Amino acid sequence: MDSNNPSLLQNHVDGRWVTPAAEDSVDVQNPSDGRILARVPLSGAADVDHAVAAARTAFGEWSRTPVAERCSHMRMLAQLMRENFEDLARQITEEMGKSLPDARAEMKRAIENVDVACGMPTLMQGENVTNCAADIDGEVLRLPIGVFGMIAPFNFPAMVPFWFLPYAVASGNTFVLKCSEQVPLTMQAHFRLIERCGFPPGVINLVNGDKIASQALVEHADVDGISFVGSSPVARKIAEACARTGKRCQALGSAKNYLVVMPDAKLDRVVQNMLTSCLGCAGQRCMAASVIACVGDQTYRQVCDQFTAVAKSVNVGNPLDDHFMDDAQAIGPVISDDAKRRIQSLIQVGIEEGATLLLDGRGIQISGCEDGHFIGPTVLADVQPGSTLERTEIFGPVVIILKFDSLDGAITAINQHEYGNGASIYTQNGYWARRFKTETLAGMIGVNVGIPAPVAYLPFGGMRGSIFADIKGQSKEVVRFFTESKIVTERYWPEEDPIPAE
Ligand code: NAD
């Protein structure tokens with residue numbers, strides 16, 4: 001790719017690569033070195049309409065295709081993703097900036113979702129009851145609905161679309177994906193595989209663009225439902241628009257995940273586990289912990305010292321440099337210069353509000369990557385519940401440490417927070433762990449696990465301001481989102497036995 005003359009990406013609609021009608025486009029940048037990788041078109045309403053029309057046309061026949069046959073295309077996709085695993089992981093790293101070990105972990109998760117969706121012949125089974133009244137049977141059918149749209153964030157260019165796409169399609173719907181304009185290349189690579197899997201034209205479509213394309217998809221009269229993942233302010237708008245236009249909606253939003261460290265926690269193991277949770281992917285995971293809540297003075301002092309010491313040892317650099325490639329702890333850049341400036345200004349606000357800076361990652365220079373968007377690990381202590389740093393999703397390698405007198409104090413702080421995506425406790429005490437599991441208002445709970453991101457066989461999603469949905473992502477649960485339950489109540493009147501043929 002010539003970065004002085006980057007190629008313009010295309011949409012994939014009705015089984016073909018097409019150039020969008022909209023003329024605007026923006027650069028796709030490698031966040032490690034600022035190189036321009038491509039230009040991504042900003043599709044407009046006409047481009048979205050083209051994709052939705054293709055999906056609508058394909059729906060009838062696809063929904064009647066036997067479920068096992070639909071899954072056979074999915075199995076081929078899983079196989080191609082496995083065969084191209086390393087290239088896809090590198091593509092994620094190149095455009096998003098996460099380490100290669102992180103990108104590989106993301107690809108494993110994406111493939112796992114395709115594998116699970118291949119169980120659709122079982123996952124979408126209905127239920128029935130015989131004799132729910134005299135000689136009357138009741139039956140619940142689960143039927144595909146129509147055209148679903150998905151709007152994806154930048155931080156998991158492969159995995160997040162796959163929380164939805166395989167389940168929607170294997171259950172007999174057709175699909176229009178709007179990937180993040182900041183990381184569109186990963187889905188370009190996936191669609192080159194999708195076109196080899198024999199899906200009929202129009203079943204899976206890709207539209208590139210920004211909020212204009214998202215809004216066109218959400219407002220489109222021929223779209224039946226939207227899965228959205230991104231920040232909460234946008235998630236709320238999407239949910240409102242879906243309610244207004246009568247669509248199914250699941251909108252997963254922002255996070256501020258707490259790690260609660262109890263006095264009996266096994267600190268020698270816990271500190272390393274917290275490091276991966278807080279700083280992996282440069283803190284740009286919705287399941288990244290960004291608050292460490294210590295219960296008791298001694299726990300607080302020990303965690304401040306030990307966490308800061310290990311955070312200092314984390315390598316920061318271009319994740320595709322030879323000496324970082326297999327460093328599971330190394331962190332790359334944040335996604336953009338805008339993100340870097342926003343994170344740095346939040347650190348400054350924290351200091352002005354009285355936080356103590358234990359480790360300052362601002363101003364880090366990476367030789368050969370002067371145009372990259374790097375921030376080193378940053379740790380702030382003496383942060384108060386309710387302060388800007390505690391309320392705001394920072395989405396960078398910035399960790400705040402708070403002190404509480406009791407588990408109750410920590411649970412109250414979590415439960416008063418706007419967001420409730422994930423939360424973890426470190427303890428050996430079953431009573432504390434049980435209280436945490438049952439009383440904490442977060443959707444994904446960890447006990448001695450710093451990133452309690454569930455596997456694809458279980459649902460994924462938060463609570464309160466972290467989600468605008470009744471049904472969460474992935475697993476058997478999401479099949480309920482993509483299918484309508486139709487309830488049949490049935491009886492037959494008695495008949496004479498048929499007259500035997502002469
Ligand atoms: P974002 O909200 O800025 O963008 C997400 C998507 O929405 C993009 O495709 C973007 O083009 C589109 N968009 C942006 N503004 C829009 C608008 N006004 N109307 C319609 N569409 C719009 O999020 P991001 O910066 O790409 O991703 C980071 C955020 O995503 C963080 O808040 C993170 O916590 C969240 N996230 C949440 C989960 C989860 O499971 N809850 C998972 C991953 C990321």
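Visitor: Even after reading the chapter, I still don't get the sheet that holds strand 5 (residues 127-133), so can you show me in this structure?
Guide: Sheet strands line up and pair through hydrogen bonds in the backbone, either parallel or antiparallel. The antiparallel open sheet is built from three strands, whose spatial order is 5-6-22. If you trace the sheet from one side to the other, it starts and ends with strand 5 and strand 22 (483-490), each paired once. Between one strand and the next, the sheet's axes are offset by a mean angle of 20°, whatever the strand orientation. Bridging between strand 6 (residues 136-144) and strand 22 involves eight bridges; their strand directions are antiparallel. In the strand pairing of strand 22, Arg142 is matched with Ser485. Those strands touched by helix 16 (residues 475-482) are strand 6 and strand 22, and its axis lies near 75° from that of strand 22.

Visitor: Could you clarify how one ought to interpret the sheet that holds strand 14 (residues 356-359) in this entry?
Guide: Read across the sheet, seven strands follow the order 14-15-16-13-12-18-19 without closing on themselves; strand pairing throughout is mixed. Each having just a single partner strand, strand 14 and strand 19 (444-447) make up the two edges of the open sheet. Sheet twist, expressed as the mean angle between neighbouring strand axes with direction ignored, is 20°. Note: strand 12 (residues 257-261) against strand 13 (residues 289-295), five bridges, orientation parallel. Paired with Val261 across the two strands is Cys294, which belongs to strand 13. Here helix 12 (residues 337-352) sits on the sheet and contacts strand 14, strand 15 (378-381) and strand 16 (398-404); the angle it forms with strand 15, its principal contact strand, is near 20°.

Visitor: Got a minute to help me understand the packing of aromatic side chains in this structure?
Guide: The description of two aromatic rings rests on the distance between their centres and on the angle between their planes. Under the defined criterion, the tally for this structure stands at seven aromatic pairs. What links up through ring pairs into an aromatic cluster is the set Phe148, Phe481 and Phe482.

Visitor: Would you explain the domain arrangement of the chain in this entry?
Guide: It is common to report an interface's size as the accessible area lost on association of the parts. The assigned domain composition of the chain is domain 1 (11-253 + 466-488) and domain 2 (257-447). Facing 25 residues of domain 1, the contacting portion of domain 2 comprises 28 residues. Buried surface at the junction of domain 1 and domain 2, summed over both partners, amounts to about 2200 Å²; 57% is from carbon and sulfur atoms. When the buried surface of domain 1 facing domain 2 is broken down by residue, Pro31, Ser32 and Ser466 rank first, second and third, together holding 23% of it. Seen at the junction of domain 1 and domain 2, the total is two salt bridges.

Visitor: Honestly, the pattern of salt bridges in this entry has me stumped. Any pointers?
Guide: Pairs can form between side chains of opposite charge once their charged atoms are near each other. In the structure shown here, the tally under the stated rule is 20 salt bridges. When the shortest N-O distance is used, the salt bridge between Arg435 and Glu439 registers 2.9 Å. Highlighted residues: Arg435 and Glu439, both in helix 15 (residues 430-439), separated by four residues, approximately one helical turn. Classification of Glu439 as partly exposed rests on a relative accessible area of 33%. Taken together, the salt bridges that share partners define one network made up of Asp33, Arg35 and Glu94.

Visitor: Help me out: how do you make sense of the nonpolar core in this one?
Guide: Grouped burial of nonpolar side chains is what soluble globular proteins tend to show. Ranked by size, the top nonpolar core spans 134 residues in total, and within it Met81, Val260, Met274, Ile292 and Phe307 carry the most contacts. Sort the elements by how many residues they give to this core and helix 4 (residues 100-117) lands first, with eight residues. Lining this core are residues from two domains, each supplying at least three of them: domain 1 (11-253 + 466-488) and domain 2 (257-447). For Ile292, the contacting residues outside a window of four places in its chain are Leu259, Val261, Met274, Cys278, Val303, Phe307, Val399, Ile400, Ile401 and Leu402. In terms of nonpolar packing, the next biggest core, distinct from the first, is built from 26 residues, Val13, Leu217, Ala235 and Cys249 among them.

Conventions adopted
- Residues numbered from 1 in each chain as written.
- Predicted model: local features only at pLDDT ≥ 70, side-chain atom pairs only at ≥ 80, totals over all residues.
- Heavy atoms only, no water.
- Pairing = 2+ DSSP bridges.
- Helix = DSSP H or I, 4+ residues; strand = E, 2+ residues; numbered from the N terminus.
- Axes fitted to C-alpha atoms, helices over the stretch in contact; angles between N-to-C directions.
- Contact = heavy atoms within 4.5 Å.
- Phe/Tyr/Trp six-rings, centres within 6.5 Å; stacked < 30°, edge-to-face > 60°.
- Domains from an automatic or database assignment.
- Buried area = accessible area lost by both parts, 1.4 Å probe.
- Salt bridge = Lys/Arg side-chain N within 4 Å of Asp/Glu carboxyl O.
- Buried < 20%, exposed > 50% of the residue type's maximum accessible area, 1.4 Å probe, protein only.
- Core = buried A, V, L, I, M, F, W, Y, C linked by side-chain atoms within 4.5 Å.

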